[in-house]
Amino acid sequence: MLLMFVLWGVIFLGIFRHWRWIPILVLVNLAYTLFVLTTHMTDPIPLNF
């Protein structure tokens, strides 16, 4: 989770710095984020508040 947060921070900084490799990092981090969410959101108890 910390790696995901750090990578999104680097992406945010890279957008304003106009780094050329940012779109590749965005796609990789998006896939990693979806992987982390699908592995951690497997609780059978629904969160109804």
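Definitions and cut-offs
- Residues numbered from 1 in each chain as written.
- Predicted model: local features only at pLDDT ≥ 70, side-chain atom pairs only at ≥ 80, totals over all residues.
- Heavy atoms only, no water.
- Phe/Tyr/Trp six-rings, centres within 6.5 Å; stacked < 30°, edge-to-face > 60°.
- Helix = DSSP H or I, 4+ residues; strand = E, 2+ residues; numbered from the N terminus.
- Buried < 20%, exposed > 50% of the residue type's maximum accessible area, 1.4 Å probe, protein only.
- Axes fitted to C-alpha atoms, helices over the stretch in contact; angles between N-to-C directions.
- Parallel < 35°, antiparallel > 145°, perpendicular 65-115°, else oblique.
- Left-handed = near helix turned anticlockwise from the far one by under 90°.
- Contact = heavy atoms within 4.5 Å.
- Nonpolar A, V, L, I, M, F, W, Y, C, P; charged D, E, K, R; others polar.
- Expected span 1.5 Å × (residues − 1).
- Arc of directions from axis to C-beta.

Examining the packing of aromatic side chains
Counted according to the given criterion, the structure contains 2 aromatic pairs. Ring geometry for Phe-12 against Phe-16: centres 5.1 Å apart, planes inclined by 75 degrees, an arrangement best described as edge-to-face. Of this pair, Phe-12 and Phe-16 both sit in helix α1 (residues 2–17), separated by 4 residues, roughly a single helical turn. For Phe-12, a relative accessible area of 55% corresponds to the exposed category. Looking at Phe-16, the relative accessible area reads 60%, which means it is exposed. Measuring from ring centre to ring centre gives 5.3 Å for Trp-19 and Trp-21, while their planes differ by 15 degrees; the resulting arrangement is stacked.

Considerations on the packing of α1 against helix α2 (residues 22–40)
Put simply, α1 and α2 touch, their axes get as near as 10 Å, and they point 155 degrees apart. Taken together, the axis directions place α1 and α2 in an arrangement best described as roughly antiparallel. Crossing hand, α1 versus α2: left-handed. From α1, Leu-3, Met-4, Leu-7, Trp-8, Val-10, Ile-11, Gly-14 and Ile-15 reach across to α2, where they touch Ile-22, Leu-25, Val-26, Asn-29, Leu-30, Tyr-32 and Thr-33. Considered class by class, the residues forming the contact of α1 with α2 number 12 nonpolar, 3 polar and no charged.

Observations concerning α2
The α-helix winds at 3.6 residues per turn, so residues separated by three or four positions along the chain end up facing the same way. Between its first and last C-alpha, α2 extends 26 Å over 19 residues, near the 27 Å set by a 1.5 Å rise per residue. Among the residues of α2, Ile-22, Leu-25, Asn-29, Thr-33 and Val-36 are the ones counted as buried. Mapping the buried residues of α2 onto a view down its axis gives an arc of 70 degrees, with all of them on the same face. More than 90 degrees from the buried face of α2, the exposed residues found are Pro-23, Ile-24, Leu-27, Val-28, Phe-35 and Thr-38.

Re unusual backbone geometry
Phi is positive for His-18, which is not a glycine, with a value near 60 degrees. Of the residues examined, His-18 reaches a relative accessible area of 67% and is grouped as exposed.

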